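Overview (structure and organization)
If you want the building blocks of each chain, they are given just below.
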Amino acid sequence: MTTIDSDIDSIDLVADDAAARLLSAYEAGSSFLFSTPRGVLLARGVAATVPKTLCARENLPQRVSEFFNSAAEFGHRNPMVVGAVPFGNNLPAHLVLPEDVLRAEPLNLVVPRSPRGGGLDCEVRPVPAPAEYERGVSRVLRRLEEGELSKVVLARSLELTAAEPIDVRTVLQNLALADPASYTFAVDLPKRGEDGTRDSFGPQPLLQRTFLGASPELLVSRRGMRVRSNPMAGSRPRSTDPVEDRRRAAELSTSDKDLREHAAVVEAVAEALRPYCRELRVPEPSVISTNAMWHLATEVTGELRDPATSSLELADALHPTPAVCGTPLQRAREVIAETEPFERGYYAGMVGWCDAAGDGEWVVAIRCADVEDESLRLYAGAGIVAGSDPADELAETSAKFRTALSAMGLDQAF
């Protein structure tokens, strides 16, 4: 049994909470953390990195399956890969075989906890500037009117530069403890400019760049023959006034614009999963909440046809959904590349794990940040459809930034 000391204040937690101890044990540069409503997974050390030549998006599930075969030859029992897959094809997936994997039941909070630690001393630069983002939304709306596409998810970012290296561990703990119903993750990445290619098994160098976040959206999970996905589209910012907060949730549940946007995403998810499932259940949407947002969500469940279909194969078939890209997919990708003044990288990609048996869990990489030393970049997007208002979409991205900004002790609006 592994004993892990915890520095998490027990007043907010059930006594002897193993999940809290795993969260406390996370160390940037040597760990992968994945905290979900169903449990916490901490992967430590790197036994091998899937070679980048195997991590191109094309045939990624097949190439990872070949990697598992190699891992078994080197004596790794029940191997798994953990990591992140980018939004586009400009980067390879970053997947590693950990040396050690620990699991625990979900975080068991008496009440969600407010962020600990003081506010981050930093400079913030919006990219693009708010006014330019609104102009970008207006340009996309004109493209929608011309009929070439029906939805584009347009993102913006915040570039933060701190006076000293950012405490990744504290930010991660704040994210997980503030909203344990979300999927909180931290993935070690190669530093910028390094490809991190490793073609052999054995000790691997520590990484010093971290991709972290608290996503509300499950892309797909596979447990045995059971498949689950929870697509989201359509949202409203939360309000601190309880009456106004409930009004916004009720408004979202009946909004024609948001229901149309949501239905398109659910239809795309069901269409992608149906060939793999002998049974698929698609209920009516519901309104769910995070600390910062109300969302329309639909929990899609199914039974696999073939036990050989892995969670990574399912995730690859779904990614990217219209919730983070748009429709039609390829045209939306082109408009995003033309309009957004930055590379998305792993933002709007997927983060998770898959074992050699095919089980695993992958989430949509949103409400996230890319941290390297004193620098941090946040991302947030909004779905632009007919009827969207540029000022409203800007406000939506600002509300989505609140999840990560709050975890850093910042309460400004950008």
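Everything below is about the structure printed above this text.
So, here is what we can say about the structure in this document. (Residues numbered from 1 in each chain as written. Predicted model: local features only at pLDDT ≥ 70, side-chain atom pairs only at ≥ 80, totals over all residues. Heavy atoms only, no water.)

1. Some words on the pattern of salt bridges
Under the criterion given, the structure shown has 26 salt bridges. Close ionic contact of E148 with R331 constitutes a salt bridge, the shortest N to O distance being 2.8 Å. In this pair, E148 sits in the loop between α3 (130–145) and β8 (151–162) while R331 sits in helix α8 (residues 329–339), placing the two residues 183 residues apart along the sequence. Residue E148 is classed as partly exposed on the basis of its relative accessible area of 26%. Relative accessible area serves as the criterion here: at 22%, R331 is assigned to the partly exposed category. Among the charged side chains, a network of salt bridges with common partners joins K151, R236, E244, R247, R248, E251, K257, D258 and E261. (Salt bridge = Lys/Arg side-chain N within 4 Å of Asp/Glu carboxyl O. Helix = DSSP H or I, 4+ residues; strand = E, 2+ residues; numbered from the N terminus. Buried < 20%, exposed > 50% of the residue type's maximum accessible area, 1.4 Å probe, protein only.)

2. Quick notes on helix α9 (residues 390–407)
Its 18 residues give α9 an end-to-end C-alpha distance of 27 Å, which sits within 8% of 26 Å, the value for a rise of 1.5 Å per residue. Residue F401 marks the point of greatest curvature in α9, where the axis turns by about 30°. Of all the 18 residues making up α9, 13 are buried; the element is thus mostly covered by neighbouring parts of the structure. With a side-chain oxygen lying 3.1 Å from the backbone nitrogen of A391, the N-terminal cap of α9 falls on D389. G409 occupies a position one or two residues after α9 and carries a positive phi of about 75°. (Expected span 1.5 Å × (residues − 1). Bend = angle between axes of the 7 residues up to and from the residue. Polar contact = N/O pair within 3.5 Å; in protein donor to acceptor, adjacent residues only side chain to side chain.)

3. Let's talk about the nonpolar core
As a rule of thumb, nonpolar side chains are buried together in soluble globular proteins. Membership of the largest hydrophobic core comes to 78 residues, with the highest contact counts inside it found for F185, F211 and V351. L102, A162, A380 and F401 belong to the second-largest nonpolar core, a separate cluster that totals 36 residues. (Core = buried A, V, L, I, M, F, W, Y, C linked by side-chain atoms within 4.5 Å.)

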